[in-house]
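# Breakdown of the fold
Given next are the chains, with one letter for each unit.
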Amino acid sequence: MILELDDLTHRYGDELAVDGVSIGVGAGELVAVLGPSGCGKTTIVQAVAGHVQPSGGRIRLRGADVTDDPPEARQVGIVFQHSTLFPHLTVEENVEYGLKARDVPPGHREEVVTRFLELVDLPEQREAYPSELSGGQKRRVELARALAPEPDVLLLDEPLSALDRSLRVGLREEIARIQAETGVTTLLVTHDQEEAMSLADRLVVMDDGRVAGIGPPRELYESPPTPFVASFLGRSNALSATLADGTPPTIEIGGESARLPEGCEPGTVTGTVDCHVRPEDVTMTVGVTDGSGDEDDVLSLQGVVRRVADVGRRYDVTVELETGAELVAERAARPPERGTRVEVRIRPADVAVFDSENERV
Ligand code: ATP
């Protein structure tokens, strides 16, 4: 591992901002820390950079413990949410700044600056001042400045959050390209799940200072380890169900029951459980069926359409089930109107089941 956080903890007075976080980032890997505002993301970045002295735990870079080292002794490059370019220095001087601080000789500095301005596709803006650059160009200069000293780790703290959406998506692609070309080990923190999922090799989902889930983005999305990950990554319908013992166990909602897939083990607790199912995994047919065609492994539930939201490339249909619970189903084609009786079908393989201790079944 190039970067290791081992049981990192930080308090601001009584506020426990980071609570026993352990993360490893391998060579060339991009790990994204994703979580809502206030979950401790920035504190983690600041601790790695050396701007915050953690209350507990260790930080290692290339195996060396740097927890007590000052920022300048750490080989770390950072890009923040807001521009930190020096306004009175040109693009070239800004990028050169970090090289001077690391005592790179002048002749070599020029060559390095040229190489990194080419990398971020800004060779022509060499003499420009930050005030003459667009928001996107400033981000690129900052990336060049952070990367030029060839740090052990690149830290990106909400690097795209201050930009408008179209620019954000374009620059996201640029970050992916630059990261792949340089092979720099990267820790990205963001609250934007699309950004995190599209860029990360591995994702760390944070909830209130703690790690709620860690793994490849697709794996966490399809098989969330906690209810928080299920609802924070993408959209999720939460339904209450009854879990009955068996191998595999069955879940029951509104008198309908279905076997969970092979391999599911009842958690420590049976009884009432929390089920999470994604809107894209809920299918819907108009009318009431007699249930005779039901397979054992599908939950068929009756309900009434309560709302239809046209969100452009799909419709979100809210159905009120006979149990009183509501769930959202996605439809690509024009959906039935409000008040229509429908049957929704859910495959237990698409349901994440959590027992009352929030343990995955
Ligand atoms: P955001 O995206 O809003 O910046 P974050 O996930 O980056 O949030 P942090 O900024 O690390 O979270 O903050 C974690 C918690 O610590 C929050 O509850 C915040 O209010 C608190 N906190 C952060 N900085 C300080 C500080 N300097 N003094 C006191 N409390 C702080």
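In this text, all values refer to a predicted model and were calculated from it rather than measured experimentally.

Of regular secondary structure, the protein possesses eight helices and 20 strands. Dimensions of the protein along its principal axes, counting C-alpha atoms only, are 80 × 45 × 35 Å. The buried share among the 361 residues of the protein stands at 37%. Within the protein, counting contacts between residues at least 6 apart in sequence, those at least 24 apart form 66% of the total.

A few words on the sheet that holds strand β15 (residues 283-286). Judged by pairing direction, the sheet is antiparallel, and its five strands sit side by side in the order β15-β19-β16-β17-β18 without closing on themselves. Edge strands, defined here as strands with exactly one partner in the open sheet, are β15 and β18 (326-331). In this sheet, adjacent strand axes meet at a mean angle of 45 degrees when their direction is disregarded. Bridging between strand β16 (residues 299-310) and strand β19 (residues 341-346) involves six bridges; their strand directions are antiparallel. Bridging from a neighbouring strand, Val304 pairs with Arg341 of β19.

As a further point, take the domain arrangement of the protein. Looking at the protein, the domain boundaries give domain 1 (3-227) and domain 2 (235-354). Measuring from the centre of the C-alpha atoms in domain 1 to the corresponding centre in domain 2 gives 40 Å.

Right, let's talk about the environment of Cys275 for a bit. As for its placement among the helices and strands, Cys275 is situated in strand β14 (residues 271-277). Here Cys275 falls in the buried class, since 25 other C-beta atoms lie within 10 Å of it. Counting along the chain gives 85 residues from Cys275 to Arg360, while the straight-line C-alpha distance between them is 9.9 Å. Non-local contacts of Cys275, meaning those with residues more than four positions away in its chain, are made with Leu239, Ala241, Ile251, Val351 and Val353.

Following the sequence through the fold, Leu171 ends up in helix α5 (residues 165-182). Residue class for Leu171 comes out buried when judged on the 20 C-beta atoms lying within 10 Å of it. For the pair formed by Leu171 and Pro159, sequence separation is 12 residues and the distance between their alpha carbons is 9.5 Å. Residues within four places of Leu171 in sequence aside, it is in contact with Gly136, Arg139, Leu160 and Leu163.

Let us now look at helix α1 (residues 41-49). Of all nine residues that make up α1, eight are buried, and the element is covered over most of its length. What α1 keeps buried is the set Lys41, Thr42, Thr43, Ile44, Val45, Gln46, Ala47 and Val48. Of the residues one or two after α1, Gly50 is the one with positive phi, at around 95 degrees.

Quick look at the sheet that holds strand β1 (residues 3-12) now. Note on sheets: strands pair through backbone hydrogen bonds, and any given pair is parallel or antiparallel. The strand order β2-β1-β4-β5 describes an open sheet built from four strands, whose pairing is antiparallel. Each edge of the open sheet carries a strand with a single partner, namely β2 (15-25) and β5 (64-65). In the sheet, β1 pairs with strand β4 (residues 56-61) via five bridges, with the strands oriented antiparallel. Residue pairing across strands places Leu5 opposite Ile59, the latter belonging to β4. Packed onto the sheet, α1 meets β1, β2 and β4 and runs at close to 115 degrees relative to β1.

A few words now on the UniProt feature "domain: ABC transporter" (unreviewed entry) in the protein. Feature annotation in UniProt assigns "domain: ABC transporter" (unreviewed entry) to the following positions: residues 3-233. The span residues 3-233 is 36% helix and 26% strand, and its two end C-alpha atoms sit 25 Å from each other.

Let us now look at the nonpolar core. Proteins that are soluble and globular tend to have nonpolar side chains buried together. Within the largest apolar cluster, 93 residues are counted, with the highest numbers of intra-cluster contacts made by Ala32, Val204, Val205 and Val353. Not counting the four nearest positions on each side in its chain, Ala32 is found in contact with Leu188, Thr190, Ala196, Leu199, Ala200 and Leu203.

Next up on the list: the site of the ligand. Residues in contact with the ligand, as listed here, are Tyr12, Glu15, Ala17, Gly35, Ser37, Gly38, Cys39, Gly40, Lys41, Thr42, Thr43 and His191. If you list the elements that add at least two residues to the shell around the ligand, you get β2 and α1. Among the elements that line the shell around the ligand, the one with the most residues is α1, at three residues. Of the residues in the shell around the ligand, the class split is three nonpolar, seven polar and two charged.

Calculation rules
Residues numbered from 1 in each chain as written. Predicted model: local features only at pLDDT ≥ 70, side-chain atom pairs only at ≥ 80, totals over all residues. Helix = DSSP H or I, 4+ residues; strand = E, 2+ residues; numbered from the N terminus. Buried ≥ 20, exposed ≤ 12 C-beta atoms within 10 Å, placed from the backbone. Contact = placed C-beta atoms within 7 Å. Pairing = 2+ DSSP bridges. Axes fitted to C-alpha atoms, helices over the stretch in contact; angles between N-to-C directions. Domains from an automatic or database assignment. UniProt positions renumbered as here; feature names shortened; annotations may be inferred. Core = buried A, V, L, I, M, F, W, Y, C linked by C-beta atoms within 7 Å. Near = placed C-beta within 6 Å. Nonpolar A, V, L, I, M, F, W, Y, C, P; charged D, E, K, R; others polar.

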